[in-house]
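Tertiary structure, described
Now for the letters of each chain:
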Amino acid sequence: MGDRRGIEPVRYSTSGIAPAERHEAWSDRGWPSVAALFESTPIGPFSTTAQNVYLDGIAVSYSTGTARLLERTPKRIASDGIDILGVGLLLEGEMHGVAGTREFETRTGEILLFDIAQPITMTMSIARSIQLGLPRSLAAGEL
C-alpha cells in the first residue's frame, strides 16, 4: 500500500489458470486484491477478473467473479496491516452478511460502505462491481 502515487493499472484474470488451481492462485494475491483482505471459500466453480488502478493512493477496482463466502477475521485484521475504508458499488449480483455487529444486504445498483478494521462475513453471488479502497489516513486528512 504505502506511498503509491499516480496511476498504476493492473489487470488480473483466472481464465488462463487450470480450474482446480484458480482459487488458490487468486487467494495468494496481495493488496490491492480483495484476496488480501478476506479468507475466501468458493461456492461452485471459481473464476474472477479485475482491473485495478491506484489514483494517488486510492485503490480503484472493477471486478467480476463467481459466488463465494468472504470473511475478514480479527486475526487477519491484526496481521495484515491494511487499514482502509471501502466503498463498493454493486453493478450486478447481491451480497449479504455481517460487518462488525451490523447485518447488511446489498443488491444490484446499491453501494456498500465498510471499515476493513472491523470483522466482516459476507456471502457474494456471481457479481460485477467497482470498489474503492481509501486509506484511513487519507480519509482523515493526515496525508
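Please refer to the structure placed before this passage.
What this report covers is the structure whose coordinates are included nearby. (Residues numbered from 1 in each chain as written. Predicted model: local features only at pLDDT ≥ 70, side-chain atom pairs only at ≥ 80, totals over all residues. Heavy atoms only, no water.)

Counting its regular elements, the protein contains three helices and eleven strands. Counted from the first residue to the last, the protein has its helices and strands arranged as β-α-β-β-β-β-α-β-β-β-β-β-β-α. Rg of the C-alpha trace for the protein: 14 Å, near the compact-globule value of 15 Å for 143 residues, within the 12% margin. Projecting the C-alpha coordinates of the protein onto the three principal axes gives extents of approximately 45 × 35 × 30 Å. A buried classification covers 36% of the 143 residues belonging to the protein. Of all intrachain contacts in the protein linking residues separated by at least 6 positions in sequence, the fraction that spans at least 24 positions is 67%. Per element, the accessible surface of the protein, about 8000 Å² overall, is 55% carbon and sulfur. Here the protein contributes 13 positive and 17 negative side-chain charges, whose respective centroids are spaced 3 Å apart. (Helix = DSSP H or I, 4+ residues; strand = E, 2+ residues; numbered from the N terminus. Rg over C-alpha atoms; globule rule 2.2 N^0.38 Å. Buried < 20%, exposed > 50% of the residue type's maximum accessible area, 1.4 Å probe, protein only. Contact = heavy atoms within 4.5 Å. Areas by Shrake-Rupley, 256 points an atom, 1.4 Å probe, with all protein chains shown as cover. Lys, Arg positive; Asp, Glu negative; His and termini not counted. Charge placed at Lys NZ, Arg CZ, Asp CG, Glu CD.)

With respect to the element layout, Thr 106 can be found in strand β8 (residues 102–107). On the accessibility criterion, Thr 106 (2% relative accessible area) is buried.

Turning our eyes to something else, we now look at the side chain of Ser 63. Looking at where Ser 63 falls in the secondary structure, it is placed in strand β4 (residues 58–65). A distance of 3.1 Å separates the side chain of Ser 63 from the side chain of Gln 131, its partner in a polar contact. (Polar contact = N/O pair within 3.5 Å; in protein donor to acceptor, adjacent residues only side chain to side chain.)

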